[in-house]
Each structure stands twice: as C-alpha cells, then as structure tokens.
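The chain contents come next:
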Amino acid sequence: MRWIRSFALFWYDFVVGDDWRVAVGALAALAATAVLVHFGVNAWWLLPLAVVVLLGLSLRRALAAGRPADRPPVSP
C-alpha cells in the first residue's frame with residue numbers, strides 16, 4: 001500500500017508541482033482543444049498559446065510573491 005501512495009504522490013507533485021493554477025489551466029486548455037477539434041476547428045494553436053500565457057502568469061505571481069511590499073521593483 002505504501003508503494004501505491006508513493007506513486008500517487010509522485011505523479012501529483014510532477015503534474016501539479018509548485019503552482020496548481022498552471023495544472024488547472026493546462027487541463028482546461030486540453031479540454032478546450034478537444035472540444036474545438038470535435039467541432040471541426042483546427043485548434044493546434046491553442047495549446048502553445050495557453051502554455052505561454054500560463055507561464056507568464058505563473059512567473060508574474062512568483063516575482064510578486066518574492067518581492068517585499070515596501071520595496072519598489074529594481075529597474076535595470
């Protein structure tokens with residue numbers, strides 16, 4: 001039983017990782033692509049677009065969480 005639990009926890013950590021919102025967004029993008037293809041739409045572009053958007057949002061949240069509120073952002 002311990003092996004099954006370890007296996008499930010590995011896959012949860014691998015798929016969800018640090019940001020559950022990215023996993024949910026990727027699942028939603030896959031579902032939307034499947035629905036569009038079912039109705040005959042050429043939807044190859046949806047998944048790459050979703051990956052770029054989800055990655056950008058995740059990076060934005062990570063950067064905002066790492067910066068203290070009282071310190072302004074550093075300009076290059």
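Residues numbered from 1 in each chain as written. Predicted model: local features only at pLDDT ≥ 70, side-chain atom pairs only at ≥ 80, totals over all residues. Heavy atoms only, no water.

**Q** Can you walk me through the packing of helix α2 (residues 20-38) against helix α3 (residues 46-66) in this structure?
**A** If you want to describe how two helices pack, look at the angle between their axes and the distance between the axes. In the contact formed by α2 and α3, the axes pass within 10 Å of each other and the chain directions differ by 165°. By the angle between their directions, the pair α2 and α3 is classed as roughly antiparallel. Both α2 and α3 take part in a crossing whose hand is right-handed. Residues Arg 21, Val 22, Gly 25, Ala 26, Ala 29, Leu 30, Ala 32, Thr 33 and Leu 36 of α2 touch α3, and the partners they reach there are Leu 46, Leu 47, Ala 50, Leu 54, Ser 58 and Arg 61. A class-by-class count of the residues in the contact of α2 with α3 yields 10 nonpolar, 3 polar and 2 charged. (Axes fitted to C-alpha atoms, helices over the stretch in contact; angles between N-to-C directions. Helix = DSSP H or I, 4+ residues; strand = E, 2+ residues; numbered from the N terminus. Parallel < 35°, antiparallel > 145°, perpendicular 65-115°, else oblique. Left-handed = near helix turned anticlockwise from the far one by under 90°. Contact = heavy atoms within 4.5 Å. Nonpolar A, V, L, I, M, F, W, Y, C, P; charged D, E, K, R; others polar.)

**Q** Is there a simple way to think about the environment of Val 24 in this case?
**A** Within the fold, Val 24 resides in helix α2. Once the C-alpha coordinates of Val 24 and Leu 54 are considered, the two residues, 30 residues apart in sequence, prove to be 9.9 Å apart.

**Q** Can you help me understand the pattern of salt bridges in this one?
**A** Should their charged atoms come close, side chains of opposite charge can pair. One pass over the full model with this rule turns up 2 salt bridges. Here Arg 21 ties to Asp 19 by a salt bridge, and the two come within 3.3 Å at their closest N and O atoms. Arg 21 sits in the partly exposed class, given a relative accessible area of 39%. Here Asp 19 ties to Arg 61 by a salt bridge, and the two come within 2.7 Å at their closest N and O atoms. Placement of Asp 19 in the loop between α1 (2-16) and α2 and of Arg 61 in helix α3 is noted, with a sequence separation of 42 residues between them. Looking at Asp 19, the relative accessible area reads 13%, which means it is buried. Taken together, the salt bridges that share partners define one network made up of Asp 19, Arg 21 and Arg 61. (Salt bridge = Lys/Arg side-chain N within 4 Å of Asp/Glu carboxyl O. Buried < 20%, exposed > 50% of the residue type's maximum accessible area, 1.4 Å probe, protein only.)

**Q** What am I meant to see in α3 here?
**A** Since the α-helix packs 3.6 residues into each turn, any two residues three or four apart lie on the same face. With 21 residues, α3 should reach 30 Å at 1.5 Å per residue; the first-to-last C-alpha distance of 30 Å fits that figure. Against the buried residues of α3 lie α2. (Expected span 1.5 Å × (residues − 1).)

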